[in-house]
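Spelled out from the first residue to the last, the chains are:
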Amino acid sequence: MFFRNLTLFRFPELPRRALSAFDKHLADHRLRPCGPIEMATQGFVSPFGRDSEELTHRVGKNTLFCLGGEDKLLPSSVISEALAVKIGEITEKEARRVSARERKRLKEEVLTDLLPRAFVKPSRTFAWLTEDSGWLVIDTASRKLAEAVVSQLREALGRFPATPMAPSDSPRSLMTDWLVGGKLPSGLGWGDECELRDPVEAGAIVKCRRQDLESDEVREHLKSGKQVFQLGLELDQRMAFVLGEDLTIRKFRFLDVVLDEIGEETSESAQQELDARFALMSLETKRLLEKLDEWFGLPRPDERNSG
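Residues numbered from 1 in each chain as written. Predicted model: local features only at pLDDT ≥ 70, side-chain atom pairs only at ≥ 80, totals over all residues. Heavy atoms only, no water.

(A) The arrangement of the packing of aromatic side chains in detail. This model, assessed by the stated rule, comprises 9 aromatic pairs. Look at Trp 178 and Trp 295: their rings are 5.8 Å apart centre to centre, the planes differ by 80°, and that puts the pair in the edge-to-face class. Of the two residues, Trp 178 sits in helix H6 (residues 171-181) while Trp 295 sits in helix H9 (residues 270-296), which places them 117 residues apart along the sequence. Side by side, Trp 178 and Trp 295 carry an identical accessibility label, which is buried. Taking 6.0 Å as the distance between ring centres and 45° as the angle between the ring planes, the aromatic pair formed by Trp 178 and Phe 296 counts as tilted. With a gap of 118 residues between them, Trp 178 in helix H6 and Phe 296 in helix H9 connect regions that are remote in the sequence. For the pair Trp 178 and Phe 296, one class covers both residues: buried. Among the aromatic residues, those joined into a cluster by ring pairs are Phe 2, Phe 252 and Phe 254. (Phe/Tyr/Trp six-rings, centres within 6.5 Å; stacked < 30°, edge-to-face > 60°. Helix = DSSP H or I, 4+ residues; strand = E, 2+ residues; numbered from the N terminus. Buried < 20%, exposed > 50% of the residue type's maximum accessible area, 1.4 Å probe, protein only.)

Below, the structure is given as structure tokens:
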């Protein structure tokens, strides 16, 4: 269990009682199965899988949890076909046109008939929060899905004043300066991909993969005024990732030196393996979070100024 993408939020120091009762709050908002005429449901599930009732897993000040979802798979083409059949039957039997209002009612009848028979697609989104430094890390690159996790936390806890990243220094400008100058902050190394864009609306976009980022080809694009929107990087030769101008981290992975450390340990159960992997991931990723704060200025928000 290693996160592949990181969408980041920060939250102020919460009252101790809010986090001490975290498990109980989540338990009151467990995932329930989709009802016969529901399209989707969301709720918390165990990070250990369906055979466990535990909704969180703690390592020090880090808490791992998981938002589950169930979505009915009902393609619009299936709905349209069933609706067309109903309308065709009425037109043939009664020799009249179906009004817009009746069409809407018939569509609702079709949905009511089809939903109980639709396939259900389960989903799982892992996240973890750091109590001591106020980070919420969600394993997704989708802002919409990340906001759904935050929304469910707010519903479960009553309030959860987490805010998206609001850097004091523009990530786009800073990453462009790194690439133009060919110099990175201490500990960083170049990856092999980037996305460059002309900042004007509908401007040109260049995506480079398996590319030497210090090559003349890349420098020519920068000379023409393009800016860095995504940049492949390595940190301390321990992790690799693609950093976006919104500070979303994609393609996050640990390098061999870290994987070798976890590979040397043997786990007797799935829970012990998750414990070992989460401990390693939270420890290593904290190094990256601290560096992001250092590079871009991402202070923990003050409770008095948070919604």
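Continuing now.
(B) Up close: the pattern of salt bridges. Throughout the structure, instances matching the rule amount to 21 salt bridges. Measuring nitrogen to oxygen at the nearest pair gives 2.7 Å for the salt bridge that ties Arg 117 to Asp 113. It is possible to trace a salt-bridge network through shared partners that takes in Lys 86, Glu 94, Arg 96, Glu 102, Arg 105 and Glu 109. (Salt bridge = Lys/Arg side-chain N within 4 Å of Asp/Glu carboxyl O.)

(C) Structural detail: the sheet that holds strand E9 (residues 205-209). One open sheet accounts for 5 strands, arranged E9-E8-E10-E11-E12; its pairing is antiparallel. Strand pairing shows two members of the sheet lacking a second neighbour, E9 and strand E12 (249-254), which therefore form its edges. Mean inter-strand twist for the sheet, computed between neighbouring axes without regard to direction, equals 15°. With 7 bridges connecting them, strand E8 (residues 188-197) and strand E10 (residues 227-235) associate as antiparallel partners. Directly across from Cys 194, in E10, lies its bridge partner Leu 231. (Pairing = 2+ DSSP bridges. Axes fitted to C-alpha atoms, helices over the stretch in contact; angles between N-to-C directions.)

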